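A look at the structure
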Amino acid sequence: IFCLPEACLISDTIQYMMDQEIPFDASNVLSDVTKAVDRVHASGDLYTEVLQNRSLYLNKQSALIETLLKLKRGGKKLFLLTNSPYHFVHKGMEYLSQGFLPPDMNSWRDIFDLIFTSCGKPHFFTGTRPFRRLSSETGAVRWDACTEFKKDEIYLEGSLRQMVKLTGWKGKNVLYFGDHLFNDVKEPSLAGWQTGVIIQELEREVKLQNSEYHRIMLAELLEIDRLSSSLMLIDGDHIQKIVALLKQHRDELKQRLKRVFNPHFGSVFRTHKNATSFAYEVQRYANVYTSKVENFLNYPLSYTFYPERVYL
């Protein structure tokens, strides 16, 4: 979700410099683009742009609120933990929940037991910084110490250590979802939480993988592998010529299968028979992954997801 746009921005910048014959060092381009992205976040320009065009950037779906309400009614404790400032979170969630809340709820805040903003992940998971509270009257940060959590309060900054101390929520009793594998999911996974990661690209890849075009080519490739393995055990020049032709056709099929997903990079999750580095990291740090939270709506709360066995 995050790395691909930044990679495209770096690629476009380098392409522009090449087209304009501007001398450049690739490491300088990377450094400047990264600083520019950080500046957009720090300046608040990104938040302003999103809030001015909420219908463009936020996917408003009743299923999201229905999923959260199903968890709450099932007795689950819900918390929101984000790097974004409260004013941005409030406006965004207000838009996403408008028209979908039940009569007994006055605000999206009623869905969550605790709300943490401006957390500064991933340092939130490794530091010891205390929490602070926002004044419900003025919106200013309060100066007094935060020694307990209350449902109607808004908290900011803080750390995982302080959160566990004040809530007692720890270990496998917590399922935490994030949309950035390394900033959101890696550290809480290492800390013992159950973790889930939201990967929007997954939806497109699953759809393409299940398309008739892809399935036919994959079946043909697997059949070529099986046939080639058998023929290579047979002596004879004419047999080896057939094997060579099969290998040539196999290479062509592999490239065509790759281009189904992306003509330049192939699949985000698979490189031919092997998982990509990204897919490996997902499997390493996430207990479950999906394209959106709403995908869990039709599963009972008692449902357990089991991974498929990988055979040697």
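Now for a look at the structure at hand.

Some remarks on the sheet that holds strand E2 (residues 114–117)
The four strands are arranged E1-E2-E4-E3 in an open sheet whose pairing can be described as mixed. At either end of the open sheet lies a strand with only one pairing partner, and these are strand E1 (79–81) and strand E3 (131–134). When strand polarity is set aside, the average angle formed by the axes of neighbouring strands in this sheet is 25°. Pairing of E2 with strand E4 (residues 154–157) involves two bridges; the strand directions are parallel. Note that in E4 the partner of Phe 116 across the bridge is Tyr 155.

Examining a nonpolar patch on the surface
Together, Tyr 299, Tyr 303 and Phe 305 give the surface a local cluster of nonpolar side chains, amounting to about 290 Å² of exposed area. With respect to the secondary-structure elements, Tyr 299 resides in the segment after strand E9 (288–290). Given the relative accessible area of 33%, Tyr 299 is considered partly exposed.

Notes on the nonpolar core
Soluble globular proteins: nonpolar side chains tend toward being buried together. Ranked by size, the top nonpolar core spans 19 residues in total, and within it Leu 80, Met 93, Trp 108, Ile 111, Phe 112 and Ile 115 carry the most contacts. With five residues, helix H6 (residues 86–97) is the single largest residue contributor to this core. When neighbours within four sequence positions are excluded, Met 93 is seen to be in contact with Trp 108 and Phe 112.

Some points on the environment of Gln 200
Here Gln 200 lies in the loop between strand E6 (194–198) and helix H9 (201–209). In this structure the C-alpha to C-alpha distance between Gln 200 and Lys 292, which are 92 residues apart in sequence, comes to 6.8 Å.

Parameters and conventions
- Residues numbered from 1 in each chain as written.
- Predicted model: local features only at pLDDT ≥ 70, side-chain atom pairs only at ≥ 80, totals over all residues.
- Heavy atoms only, no water.
- Pairing = 2+ DSSP bridges.
- Helix = DSSP H or I, 4+ residues; strand = E, 2+ residues; numbered from the N terminus.
- Axes fitted to C-alpha atoms, helices over the stretch in contact; angles between N-to-C directions.
- Patch = residues over 30% accessible without salt bridge, like charges linked within 9 Å, V, L, I, M, F, W, Y side chains within 5 Å.
- Areas by Shrake-Rupley, 256 points an atom, 1.4 Å probe, with all protein chains shown as cover.
- Salt bridge = Lys/Arg side-chain N within 4 Å of Asp/Glu carboxyl O.
- Buried < 20%, exposed > 50% of the residue type's maximum accessible area, 1.4 Å probe, protein only.
- Core = buried A, V, L, I, M, F, W, Y, C linked by side-chain atoms within 4.5 Å.
- Contact = heavy atoms within 4.5 Å.

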